[in-house]
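Given next are the chains, with one letter for each unit.
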Amino acid sequence: MKEPAAQIVGIIQVKGGVGRSTIATNLAAVFSLKKPTALIDCDLPQGTSASWYAVRKSELPPTNLTLAIARDYRELVSRAQELSREHRYLIIDAPPRIAEMTRAIIVMSSLSLVPLGASAAEIWSTADLLQTISEARLFRSDVDARIVWNRYRGNTREALEVSEAARKELGLKELSARLGYRVAYSEALARGLSVDEWLDRAAHTEILALAAEVKGILKETGR
Ligand SMILES: Nc1ncnc2c1ncn2[C@@H]1O[C@H](COP(=O)(O)OP(=O)(O)OP(=O)(O)O)[C@@H](O)[C@H]1O
Ligand SMILES: [Mg+2]
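Explain the packing of helix 5 (residues 120-139) against helix 6 (residues 157-170) to me, please; I cannot follow it from the model alone.
Geometry of a packed helix pair, given as the angle between the helix axes and the separation of the axes. The contact between helix 5 and helix 6 brings their axes to 10 Å, and the two run at 15°. The orientation of helix 5 relative to helix 6 falls into the category roughly parallel. Crossing geometry of helix 5 relative to helix 6 is assigned as right-handed. Taken together, the residues of helix 6 that come into contact with helix 5 (itself represented by Ala120, Ile123, Trp124, Thr126, Ala127 and Leu130) are Val162, Ala166, Glu169 and Leu170. Considered class by class, the residues forming the contact of helix 5 with helix 6 number 8 nonpolar, 1 polar and 1 charged.

So what exactly am I meant to see when it comes to the packing of aromatic side chains here?
Aromatic ring pairs are defined here through the distance separating the ring centres and the angle between the ring planes. For the coordinates displayed, the defined rule picks out 2 aromatic pairs. For the ring pair Phe31 and Tyr89, a centre distance of 4.5 Å and an interplane angle of 40° mean the geometry is tilted. With Phe31 in helix 1 (residues 20-31) and Tyr89 in strand 4 (residues 89-93), the pair connects residues that are 58 residues apart, well separated along the chain. Each member of the pair Phe31 and Tyr89 is classed as buried. With 5.8 Å between their ring centres and 50° between their planes, Trp149 and Tyr152 make a pair best called tilted. With respect to burial, Trp149 and Tyr152 carry one shared label: buried. Residue placement shows Arg88 over the ring face of Tyr89; its charged tip is 5.6 Å from the ring centre.

What's the story with the pairing of strand 5 (residues 111-117) in this structure? I'm lost.
A regular strand places its side chains on the two faces of the sheet in alternate fashion. Along strand 5, 7 of the 7 residues are buried, which leaves the element largely enclosed by surrounding structure. Relative to strand 5, strand 1 (residues 7-11) runs parallel, the two sharing 3 bridges. Counterpart to Gly10 in the pairing with strand 5 is Ser112. As paired strands, strand 5 and strand 6 (residues 145-150) are joined by 6 bridges and run parallel to one another. The residue bridging Gly117 from the neighbouring strand is Asn150, located in strand 6. Read as a crossover between parallel neighbours, the route from strand 5 over helix 5 to strand 6 is right-handed.

I'm lost on the layout of surface pockets in this one. Help?
Empty space left among the atoms is revealed by rolling a probe the size of a water molecule over them. Taken as a whole, the largest pocket spans an internal volume of roughly 330 Å³. Broken down by secondary-structure element, the contributors of at least two residues to the lining of the largest pocket are helix 1 and helix 7 (183-190). Ranked by residue count, the leading element in the lining of the largest pocket is helix 7, at 4 residues. A per-class count over the lining of the largest pocket returns 5 nonpolar, 9 polar and 4 charged.

Help me out: how do you make sense of the sheet that holds strand 5 in this one?
Whenever strands of a sheet pair, they do so through backbone hydrogen bonds, lying parallel or antiparallel. Taken in spatial order, the 7 strands make up an open sheet running 3-2-4-1-5-6-7, and their pairing is parallel. Because the sheet does not close on itself, it has two edges, and the strands there are strand 3 (65-69) and strand 7 (173-174). In the sheet, strand 6 pairs with strand 7 via 2 bridges, with the strands oriented parallel. By the bridge assignment for strand 7, Ile147 is matched with Glu174. Packed on one face of the sheet, helix 8 (residues 201-221) meets strand 1, strand 4, strand 5 and strand 6 and runs near 145° to strand 5.

Help me out: how do you make sense of the nonpolar core in this one?
Note that soluble globular proteins tend to have their nonpolar side chains buried in a common cluster. By size, the foremost hydrophobic cluster in this structure holds 36 residues, and its most contacted members are Ile40, Cys42, Leu76, Leu90, Ile92 and Ile105. At the level of elements, strand 2 (37-41), helix 3 (73-84), strand 4, helix 4 (99-108), strand 5, helix 5, strand 6 and helix 6 are the ones that each hand at least two residues to this core. Sequence-distant contacts of Leu90, defined by excluding residues within four places in its chain, comprise Ala6, Gln7, Ile8, Val9, Ala38, Ile40, Ala80, Leu83 and Ser84. Counting residues in each nonpolar core, the second largest holds 33 residues, with Tyr89, Tyr185, Leu193 and Leu210 among its members.

Calculation criteria
- Residues numbered from 1 in each chain as written.
- Chains lettered and ligands numbered in written order.
- Predicted model: local features only at pLDDT ≥ 70, side-chain atom pairs only at ≥ 80, totals over all residues.
- Heavy atoms only, no water.
- Axes fitted to C-alpha atoms, helices over the stretch in contact; angles between N-to-C directions.
- Helix = DSSP H or I, 4+ residues; strand = E, 2+ residues; numbered from the N terminus.
- Parallel < 35°, antiparallel > 145°, perpendicular 65-115°, else oblique.
- Left-handed = near helix turned anticlockwise from the far one by under 90°.
- Contact = heavy atoms within 4.5 Å.
- Nonpolar A, V, L, I, M, F, W, Y, C, P; charged D, E, K, R; others polar.
- Phe/Tyr/Trp six-rings, centres within 6.5 Å; stacked < 30°, edge-to-face > 60°.
- Buried < 20%, exposed > 50% of the residue type's maximum accessible area, 1.4 Å probe, protein only.
- Lys NZ or Arg CZ within 6 Å of the ring centre and 35° of its normal.
- Pairing = 2+ DSSP bridges.
- Right-handed = clockwise from strand over helix to strand, strands pointing away.
- 1 Å grid on protein atoms, 1.4 Å probe; cavity = no way out; pocket = protein on both sides within 12 Å on 5 of 7 lines; lining within 4 Å.
- Points joined across faces, edges and corners; volume = space filled by probe spheres on them.
- Core = buried A, V, L, I, M, F, W, Y, C linked by side-chain atoms within 4.5 Å.

Worth remembering: the numbers are spatial, not functional.
This is the structure:
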């Protein structure tokens, strides 16, 4: 039987430092445990995902994970087409700010994840992303963009208030899986590993829950 086309998950945000590369690298590593997966780094010249992959390649035996880079949206579209033939999942690490590329990623993706920290500054800057999401809807009516809470401190009043405000202001759906503030995320990133491989139990549980929820959404929406 013919394998279905690759499912594309874009990790998008206009603000820098919110956790796009952390989520992209971890999801890519976890997905690749089961199916061939490609990680596409569109945030150049910084290239966090590409650097993570280079460290990984020098430390670990070959896996089911491929890396590609794309400098602009045309290159991204052509890379994605090539990679779709032999990969089940494409995970895209988007650049901050560049609306044209972000719009293309939203249109291509079955699901776009929007990492967000529970702070007012992050929520204000995410409001700018809403414009790009609505532009993407002109190209594709079934755009699906959802918040992933990162560095979430669920038991503080500030986190609860800010996330409630975000729900009202942004009007985006959110995933139930959330990532806490854990040093394991930066330690694993620096070593070319996922937190699953870095064996941090709490972070590992969060990332597996995130991966399972993303797969569930892809299955449910059938895209
Ligand atoms: N949940 C977390 N807990 C602790 N540290 C985190 C968490 N998420 C991300 N970080 C750290 O915060 C920094 C920024 O994260 P990351 O590189 O994933 O964000 P980004 O949105 O890709 O940023 P950039 O704009 O630089 O591309 C990194 O050092 C990362 O290790
Ligand atoms: Mg990054």
